[in-house]
Amino acid sequence: MRKNFKVLLSLCFGLIFMLVIINSLVTNYEVSDSKLVVSNANKVVNIIPTESKLSDTKIKDLQEYYNNPDIEGIISIDGLENFNYPVVKANDNDYYLNHNYYREYDKYGSIYTDYRVDLDNSKKILIYGHSSIKREVPFNMLENYEKKDYYKEHKYITLETKTNTYKYEIFSVYVETSDFTYMNMNFNSTNDWYLHVLGLQEKSIYNTDIELTSNDDILIMQTCSTNSKYKDYSKKYLLIVSRRVK
C-alpha cells in the first residue's frame, strides 16, 4: 500500500513539473496577431511597433524607438497596409541575418540592405529578409508574387530614406538556384549594366510588359523560396526585381 502511494506521489510531482515547463515555454514564445513576439528576460520585443504606423514615421523616430542608428529606411508595398518595415544596414551581410531591430539575437533576423548599398545613390539596391514556413515573418508574403494576378494588384514598392522617398515598379519575379550574378554591384559600362538588367527581366516567370532602359535604377528584394518545386536545391532565392519610376 505504501509503495503504491509513493508511486502515485511521484507521478503527481512529475505531472506538476511538466505543466510548469509547458507554461514557461508558452509564456516566453508566442505568435500573436501576425506579429512575432519574443519575451527576452523582462522585455517583450515586437518586430512591428504596435503604437505607430511605420509609413507615417520618420527614420529618426524609428532609430530612437529601437535605439538603433543602423535603421536607414522604410520599405512598403502599395496596397498592403501591414507591409511597412524598417530597413537596416550593418558593416556586413551577416549580422542582421540573426539580429532583430533592437540588435538582439533573433534567428529570424531583420529586413536589411546589402552593406555595399547606398539607399540614395546606388544604381542597384539589394534588400534581404527571411522567409519561413514555421513563423509569420515579413518576407513570407513575397511568395504571393509567383501569381501574376497578385503582381498586378501590388506592383509598386516605396522606399523612404532619411532624405527622399522613391517609388519602384516590379518588372521581374523568379527563383534563382545557381546564377548569383544578380548580386553584382560593379559594371564596366552602361551597356553592361543594361544587359544585366535585361537578363533579370528575361528570367521572370511571367511577362510584365515593362520596357527597360539603360538609365534604370533597380531594387531587388531577396528571400529564400519555400516553394516545394525547389526543395532539392541547396540554394533557392526568390527575387522580386523592380525599377525606380519616381
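Our structure's up above, just so we're on the same page.
This text gives an overview of the structure that appears in the document. All figures in this text were calculated on a predicted structure; none of them were measured in a lab. Per chain, residues are indexed from 1 in the order of the written sequence. In view of the model being predicted, local features appear only for residues whose pLDDT reaches at least 70, and side-chain atom pairs are presented and counted only at 80 or more, with totals across whole chains, interfaces and linings using the full set of residues. Hydrogen atoms and water are omitted, and side-chain values are computed over all heavy atoms in the structure.

### Concerning the packing of aromatic side chains
Two aromatic rings from Phe, Tyr or Trp, using only the six-membered ring of Trp, form a pair when their centres are within 6.5 Å; if the ring planes differ by under 30 degrees the pair is stacked, by over 60 it is edge-to-face, and anything between is tilted. Counting across every chain of the model gives 13 aromatic pairs. Between Phe83 and Phe139, the ring centres sit 6.2 Å apart and the planes meet at 10 degrees, which makes this aromatic pair stacked. Of this pair, Phe83 sits in the loop between strand E4 (71-77) and strand E5 (84-88) while Phe139 sits in the loop between strand E7 (124-128) and helix H3 (148-153); the two residues are 56 residues apart in sequence, bridging distant segments of the chain. Like Phe139, Phe83 is buried. With 6.3 Å between their ring centres and 50 degrees between their planes, Tyr230 and Tyr233 make a pair best called tilted. Numbered from the N terminus, helices here are DSSP runs of H or I no shorter than four residues, and strands are runs of E no shorter than two. When a residue's accessible area, from a 1.4 Å probe over protein chains only, is under 20% of the maximum for its type it is buried; when over 50% it is exposed; and in between it is partly exposed.

### A closer look at the pairing of E4
Most of E4 is tucked away, with 6 of its 7 residues classed as buried. Two strands form a pair only when DSSP identifies at least two bridges running between them. Relative to E5, E4 runs antiparallel, the two being bridged by 5 bridges. Looking at E5, one finds that Ser76 is bridged to Asn84. The antiparallel hairpin formed by E4 and E5 contains 6 residues in its connecting segment, where Gly79 sits at a positive phi of about 90 degrees. As paired strands, E4 and strand E8 (residues 156-161) are joined by 5 bridges and run antiparallel to one another. Across the sheet, residue Ile77 finds its bridge partner in E8, namely Ile157.

### Considering empty space enclosed by the protein
A cavity here means a set of 1 Å grid points, computed over protein atoms only, where a 1.4 Å probe fits but cannot escape. A pocket is an open set with protein on both sides within 12 Å along at least 5 of 7 lines, and lining residues have an atom within 4 Å of a point. Grid points are joined across faces, edges and corners, and a volume is the space filled by probe spheres set on the points. Across all of its chains, the model carries 1 cavity of 30 Å³ or more by this definition. By volume, the largest cavity is sized at about 80 Å³. Every residue lining the largest cavity is counted, 11 residues in all, and those nearest its centre are Tyr108, Gly109, Ser110, Ile111 and Pro138. For this scheme, ten residues count as nonpolar: Ala, Val, Leu, Ile, Met, Phe, Trp, Tyr, Cys and Pro. Four count as charged, namely Asp, Glu, Lys and Arg, and the remainder, Gly too, count as polar. Here the lining of the largest cavity is built from residues that sort into 7 nonpolar, 4 polar and no charged.

### As for the pattern of salt bridges
The salt bridge definition used is simple: a Lys or Arg side-chain nitrogen within 4 Å of an Asp or Glu carboxyl oxygen. Counted by the stated rule, this structure contains 9 salt bridges. Two residues, Asp78 and Lys167, come together in a salt bridge whose shortest N-O distance is 2.9 Å. Taken together, the residues Asp78 in the loop between E4 and E5 and Lys167 in strand E9 (residues 165-176) connect sequence positions 89 residues apart. For Glu176, the salt bridge is made with Lys203, and the minimal N-O distance between the two is 2.8 Å.

### Some thoughts on the pairing of E7
In terms of residue burial, E7 counts as a mostly covered element, since 5 of its 5 residues are buried. Of the two faces of E7, the one lined by Lys124, Leu126 and Tyr128 and the one lined by Ile125 and Ile127 are each fully buried. In the sheet, strand E6 (residues 112-113) pairs with E7 via 2 bridges, with the strands oriented antiparallel. Bridge assignment links Tyr112 to a residue of E7, and that residue is Tyr128.

### Re unusual backbone geometry
In most cases, non-glycine residues show a negative phi, while peptide bonds are predominantly trans. In this structure, Asn67 takes a positive phi of about 55 degrees despite not being glycine. Following the sequence through the fold, Asn67 ends up in the loop between helix H2 (59-66) and E4.

Fair warning: the whole summary comes from geometry, so function is off the table for now.
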